[in-house]
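# Overview (structure and organization)
Next come the chains, spelled out residue by residue.
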Amino acid sequence: QVQLVESGGGLVQPGGSLRLSCAASGFTFSSYAMSWYRQAPGKERELLADITSAGGSTSYADSVKGRSTISRDNAKNTVYLQMNSLKPEDTAVYYCNTRPRRPAYWGQGTQVTVSS
């Protein structure tokens, strides 16, 4: 049974930082590229960042480029998203998934709220 469990979200002030984690189980994590997404209220789910299976290559959406870093630890079956210089418009539920994404793999996500 595939599980993706996101954590690390919370309430943070503008300009602050968060490190999100996504723990994977039920599939061979090290064989898959992984991605982070987010969905704000009333908006479509947005792809934020990708990382290749071995972690050697990453890519970012313009909305988070320069402020975020995706990384992974294949020994821990975990992918991370470090987010810095957070803005109110970063408020959303954050999810991870494989790349390409698999609808059946969506987890519950982790809420990030950026507010003073």
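Remember, predicted model here, so these are calculated numbers, not experimental data.

Scoring rules and cut-offs
Residues numbered from 1 in each chain as written. Predicted model: local features only at pLDDT ≥ 70, side-chain atom pairs only at ≥ 80, totals over all residues. Heavy atoms only, no water. Core = buried A, V, L, I, M, F, W, Y, C linked by side-chain atoms within 4.5 Å. Buried < 20%, exposed > 50% of the residue type's maximum accessible area, 1.4 Å probe, protein only. Helix = DSSP H or I, 4+ residues; strand = E, 2+ residues; numbered from the N terminus. Contact = heavy atoms within 4.5 Å. Phe/Tyr/Trp six-rings, centres within 6.5 Å; stacked < 30°, edge-to-face > 60°. Lys NZ or Arg CZ within 6 Å of the ring centre and 35° of its normal. Pairing = 2+ DSSP bridges. Axes fitted to C-alpha atoms, helices over the stretch in contact; angles between N-to-C directions. Salt bridge = Lys/Arg side-chain N within 4 Å of Asp/Glu carboxyl O.

Leu 4, Leu 20, Met 34, Trp 36, Val 79, Leu 81 and Tyr 94 are the most contacted members of the largest nonpolar core, which has 26 residues in total. Secondary-structure elements contributing two or more residues to this core are strand S3 (18–25), strand S4 (33–39), strand S5 (46–51), strand S8 (78–83), strand S9 (92–99) and strand S10 (110–114). Here this core takes 4 residues from S3, the largest share from any one element. Apart from residues no more than four positions distant in its own chain, Leu 4 is found in contact with Cys 22, Ala 23, Ala 24, Phe 27, Met 34, Cys 96, Asn 97, Tyr 105 and Gly 107.

Let's shift gears to the packing of aromatic side chains. One pass over the structure, following the stated rule, counts 5 aromatic pairs. A centroid spacing of 5.2 Å and a plane angle of 90° characterise the contact between Phe 27 and Tyr 32, whose relative ring orientation is edge-to-face. Owing to a relative accessible area of 24%, Tyr 32 belongs among the partly exposed residues under this scheme. On the numbers, 5.8 Å between centres and 75° between planes, the contact of Tyr 95 with Trp 106 is edge-to-face. Within this pair, whereas Tyr 95 is found in strand S9, its partner Trp 106 is found in the loop between S9 and S10, the two being separated by 11 residues in sequence. Relative accessible area serves as the criterion here: at 25%, Trp 106 is assigned to the partly exposed category. Ring pairing ties together the aromatic residues Phe 27, Phe 29, Tyr 32 and Tyr 105, which thus form one cluster. Over the ring of Tyr 80 we find Arg 19, and its NZ or CZ is 3.9 Å from the ring centre.

Taking strand neighbours across the sheet as the criterion, the 6 strands line up as S2-S10-S9-S4-S5-S6 in an open arrangement whose pairing is mixed. Both outer strands of the open sheet, strand S2 (10–12) and strand S6 (58–60), are each paired with one neighbouring strand and no more. Recorded for the sheet is a direction-independent mean angle of 25° between the axes of neighbouring strands. The pairing of S9 with S10 spans 3 bridges and is classified as antiparallel. Within S10, the residue paired with Tyr 94 across the bridge is Thr 110.

Once that is clear, we can look at the pattern of salt bridges. If you walk through the whole model with that rule in mind, you get 5 salt bridges. Residues Arg 38 and Asp 90 are paired through a salt bridge, measuring 2.8 Å at the closest nitrogen-oxygen approach. Pair noted here: Arg 38 is in strand S4 and Asp 90 is in the loop between S8 and S9, with a separation of 52 residues, a long-range link. We classify Arg 38 as buried; its relative accessible area is 7%. Salt bridges here are not isolated pairs; linked through shared partners, they connect Arg 38, Glu 46, Arg 67 and Asp 90.

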